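# Residue-level structural notes
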Amino acid sequence: MADQFAASMASVEPGSVPSLRWEERPEGPVLVVLDQRRLPAEEVQLVCTDVPALVDAIRTLAVRGAPLLGIAGAYGVALAAVRGFDVAESAELLAHARPTAVNLAYGVQRARAAYEKALRDRLGPGQAAAATLAEARALHREDAEASARMAEHGLGLLAELVPGGGFRVLTHCNTGALVSGGEGTAFAVAGAAHRAGRLRRLWVDETRPLLQGARLTAYEAARAGMAYTLLTDNAAGSLFASGEVDAVLIGADRIAADGSVANKVGSYPLAVLARYHHVPFVVVAPVSTVDLATATGSAIEVEQRAGHEVTEFTVVPPGAGAEPGTGVPVAPLGAQAYNPAFDVTPPELVTAIVTENGVVSPVTRAGLAELCAGPQQGSGSEPG
C-alpha cells in the first residue's frame, strides 16, 4: 500500500505525550497517533496519511481505548473527506475495525453525518470536508470536557463510598490520557484523588496477555508521580483477602441498556471478588459508551483475538501486528488458546456507573436511560 503509515524518528517532547492529533503538512493533512504498542520503552509517533493506515493502527492496538477510538474514527472520516477519498467506504472500514467498543462506530457515524449533511445543504466538497473536520474536533473537545467531569463525579463518589482516609484503588487495563481526549476515565478519577492528596495507593493489574496495565497504566502513573504497585492479574484475590483494596475503578468499551459492562478481559473476575469482599466496584465511562440499542450484556459482540498473543510472549512491541511464531513460545507448539479481548460484567455486580452526566447507583435500566438523557443535579448517586 502506497500510503502506509511511517514511524516518526523523533520521540515525543518530554512532558507532553498527545495520544492523537490532526496536523497540517505541506504534502497534505495527516493524523498523528502515539504508538501505544511501543510504550513504555519508546515514545514513537505514527503518521497516518489514509484510512487503511489508521484502520491498521486500530486493529494492531497502536491506538486503543474506547473514547480515543471514537475520536480517531471521526478524524479518520475527516481525513478521507479532506484528501478526497471515498467517505462512505472509509467510514465502513473504520466502523468495523474493532467490534466491541461502541465509541468507534459512534465517532465515525457522527463525522459521516456532518459530511453528508453538508452535501445535502449543497456545499462543495471542500466545505463538506471542513465541516467533517470541525465535527471531529468538536468530539475531541467534548471528550476532554467529559473526562474532567467524570473525574469530579468519581472523586465525590469515592468520598461517599470510602469515608475517612486515603483511597487504595485497584484498576485494570489502561484508562488514562492514552485512551482519551482528556485525562481519561477511571484513571482520571485516580488522578483527581492523587492531586487532592487522597490517593494512598494505586494497584495496577498487569492485564494479560498484552500488558496494558504494566506497560501503559504504570507508565502514566509514574509520569503523574502516583504511589502505585504493579501486580499480576491472578494476585488480585490475595490482595482483596488481605484488606488492601478500598475500591475498584475500571473503564468500559460498551455498556448495554441493562447496565452490563464490557471491558478488558479480567474485569468480570474482579467484580466477583469485589462483591465477595464487600468492596465497591465502579465503572467510569462517557455517555457515548452506553449503547441503549444493545438490550443486554449477552448481545454485546466480544472480540476474539489471535491465539499467539497467549501462546507466545513478545516483549516490545506486544501486539504490534507480529505474525505467529515471531515471539518467544510459552506453550507447546500447536496449543490452542482462548483469547477474548473483553468480558461482560452483569449490572448486579456494579456498584455505580460514573459518566460526565453524573452517577447511577444502583445500576438499573431506567436509571441508566435517565442518565443518558442529560446532566443530573448533583451526583445522582445512592451508594449502597
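Residues numbered from 1 in each chain as written. Predicted model: local features only at pLDDT ≥ 70, side-chain atom pairs only at ≥ 80, totals over all residues. Heavy atoms only, no water.

In the nomenclature of an unreviewed UniProt entry, the protein chain is known as Methylthioribose-1-phosphate isomerase of Streptomyces nondiastaticus. Among the UniProt annotations of the protein chain, the heading Function (unreviewed entry) holds the following wording: "Catalyzes the interconversion of methylthioribose-1-phosphate (MTR-1-P) into methylthioribulose-1-phosphate (MTRu-1-P)." Its UniProt record, at the heading Catalytic activity (unreviewed entry), says of the protein chain: "5-(methylsulfanyl)-alpha-D-ribose 1-phosphate = 5-(methylsulfanyl)-D-ribulose 1-phosphate". (UniProt positions renumbered as here; feature names shortened; annotations may be inferred.)

### A look at the UniProt feature "active site" (unreviewed entry) in the protein chain
According to UniProt, the "active site" (unreviewed entry) feature falls on D253. Residue D253 is classed as buried on the basis of its relative accessible area of 10%. Ignoring sequence-local partners within four residues, the contact set of D253 consists of A66, T100, A101, V102, N103, A262, N263, K264, T289 and F342. (Buried < 20%, exposed > 50% of the residue type's maximum accessible area, 1.4 Å probe, protein only. Contact = heavy atoms within 4.5 Å.)

### Description of the UniProt feature "site: Transition state stabilizer" (unreviewed entry) in the protein chain
On the UniProt side, "site: Transition state stabilizer" (unreviewed entry) is annotated at positions that read C173 here. Structurally, C173 is set in the loop between β5 (167-171) and α6 (186-195). The buried category is assigned to C173, whose relative accessible area is 8%. Dropping the residues within four chain positions of it, C173 is found in contact with R64, T207, Q212, G213, T217 and K264. (Helix = DSSP H or I, 4+ residues; strand = E, 2+ residues; numbered from the N terminus.)

### Focus: a nonpolar patch on the surface
Taken together, F313, V328 and V330 make up a surface patch of nonpolar side chains, about 270 Å² in accessible area. Counting through the fold element by element, F313 comes out in strand β13 (residues 312-313). (Patch = residues over 30% accessible without salt bridge, like charges linked within 9 Å, V, L, I, M, F, W, Y side chains within 5 Å. Areas by Shrake-Rupley, 256 points an atom, 1.4 Å probe, with all protein chains shown as cover. Salt bridge = Lys/Arg side-chain N within 4 Å of Asp/Glu carboxyl O.)

### So, the nonpolar core
Soluble globular proteins: nonpolar side chains tend toward being buried together. Counting 41 residues, the largest nonpolar core has L20, W22, L31, I58, Y75, V77 and L94 as the members making the most contacts within it. Among the elements of the structure, β2 (20-23), β3 (30-34), β4 (44-48), α1 (51-59), α2 (66-83), α3 (87-95), α4 (102-120) and α5 (125-161) are those that each provide at least two residues to this core. Of the residues forming this core, the biggest block, 12 residues, is contributed by α2. Residues in contact with L94, not counting those within four places in the same chain, are V51, L54, V55, I58, G73, G76, V77, L104 and V108. Counting residues in hydrophobic clusters, the runner-up holds 29 residues, among them L155, V189, A247 and V284. (Core = buried A, V, L, I, M, F, W, Y, C linked by side-chain atoms within 4.5 Å.)

### Quick word on the side chain of D291
Mapped onto the elements of the fold, D291 is located in strand β12 (residues 290-291). A residue is classified by how much of its surface remains accessible, and D291, at 12% relative accessible area, is buried. Once residues lying within four places of it in the same chain are set aside, the contact partners of D291 are V102, R254, I255, A256 and A257.

### Considering α2
Here α2 spans 26 Å end to end across 18 residues, near enough to the 26 Å set by a 1.5 Å rise per residue. Summarising burial for α2: 16 of the 18 residues are buried, a large majority. Phi turns positive, to about 85°, at G84, one or two residues after α2. (Expected span 1.5 Å × (residues − 1).)

### Things to note about the sheet that holds strand β15 (residues 342-345)
On the basis of which strands lie adjacent, the open sheet formed by 4 strands has the order β12-β9-β10-β15 and mixed pairing. Edge positions in the sheet fall to β12 and β15, since each has one partner strand and no second. Most of the contacts of helix α9 (residues 267-276) go to β15, to which it runs at about 35°, and overall it touches β10 (261-264) and β15. (Pairing = 2+ DSSP bridges. Axes fitted to C-alpha atoms, helices over the stretch in contact; angles between N-to-C directions.)

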